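Next come the chains, spelled out residue by residue.
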Amino acid sequence: MLLGIVLVVVGLVIWLAGDKFSWFGHLPGDIRVEKKNMRFYAPITSMILLSILFSLLMWLFRKFF
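> Would you mind going over the packing of aromatic side chains in detail, with residue names and values included?
Think of a pair of aromatic rings as described by two things: how far the centres are apart, and how the planes are tilted against each other in angle. In this structure the tally under the stated criterion is two aromatic pairs. Ring geometry for W23 versus F24: centroids 5.8 Å apart, planes at 85°, classification edge-to-face. Judged by relative accessible area, which is 43%, W23 ranks as partly exposed. Each ring, one from F61 and one from F65, has its centre 5.2 Å from the other, and the planes form 40°; the classification is tilted. Judged by its relative accessible area of 49%, F61 is partly exposed.

> Can you explain the environment of I31? Please cite residues and give values.
Within the secondary structure, I31 is located in strand β1 (residues 31-34). Residue I31 is classed as partly exposed on the basis of its relative accessible area of 36%. It is 8.8 Å that separates the C-alpha atoms of I31 and T45, two residues lying 14 residues apart in sequence. Among all residues touching I31, those that are not within four sequence positions of it are F40, Y41, A42 and I44.

> Run through the pattern of salt bridges, naming residues and quoting values.
Scanning all chains against the criterion turns up one salt bridge. Among the ionic pairs, E34 bridges to R32, the shortest N-O distance being 3.9 Å. A residue is classified by how much of its surface remains accessible, and E34, at 52% relative accessible area, is exposed.

> Report on the side chain of S46, specifying residues and quantitative values.
Relative to the helices and strands, S46 is located in helix α2 (residues 44-64). Looking at S46, its side chain comes within polar contact range of the main-chain nitrogen of G25, at 3.2 Å. Sequence-distant contacts of S46, defined by excluding residues within four places in its chain, comprise F24, G25, L27 and D30.

> Please give an account of the side chain of D30 that cites residues and values.
Within the fold, D30 resides in the loop between α1 (2-16) and β1. One buried charge, D30, has no salt-bridge partner; the nearest side chain with opposite charge is R32, at 6.7 Å. Within the structure, the side chain of D30 is placed 3.4 Å from the backbone nitrogen of I44, a separation counted as a polar contact. A polar contact is formed between the side chain of D30 and the backbone nitrogen of T45, at a distance of 3.0 Å. If we skip the residues at most four places from it in the chain, D30 touches G25, Y41, A42, P43, I44, T45 and S46.

What counts, and at which threshold
Residues numbered from 1 in each chain as written. Predicted model: local features only at pLDDT ≥ 70, side-chain atom pairs only at ≥ 80, totals over all residues. Heavy atoms only, no water. Phe/Tyr/Trp six-rings, centres within 6.5 Å; stacked < 30°, edge-to-face > 60°. Buried < 20%, exposed > 50% of the residue type's maximum accessible area, 1.4 Å probe, protein only. Helix = DSSP H or I, 4+ residues; strand = E, 2+ residues; numbered from the N terminus. Contact = heavy atoms within 4.5 Å. Salt bridge = Lys/Arg side-chain N within 4 Å of Asp/Glu carboxyl O. Polar contact = N/O pair within 3.5 Å; in protein donor to acceptor, adjacent residues only side chain to side chain. Lys, Arg positive; Asp, Glu negative; His and termini not counted.

So this is what it looks like as structure tokens:
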């Protein structure tokens with residue numbers, strides 16, 4: 001239940017401050033191919049950045065709690 005509340009709060013923050021995060025998903029290394037009838041998007045760099053951030057948060061959480 002706590003995880004659900006955290007996800008809702010994070011979603012609201014991203015929704016309310018969406019224009020502040022417009023750089024996310026457009027980093028160098030994010031693959032984007034757009035053709036006439038096809039789109040392919042692979043946010044590789046963005047996902048690596050999120051992985052590092054979540055790993056750091058989990059490490060801090062385990063260290064202090």
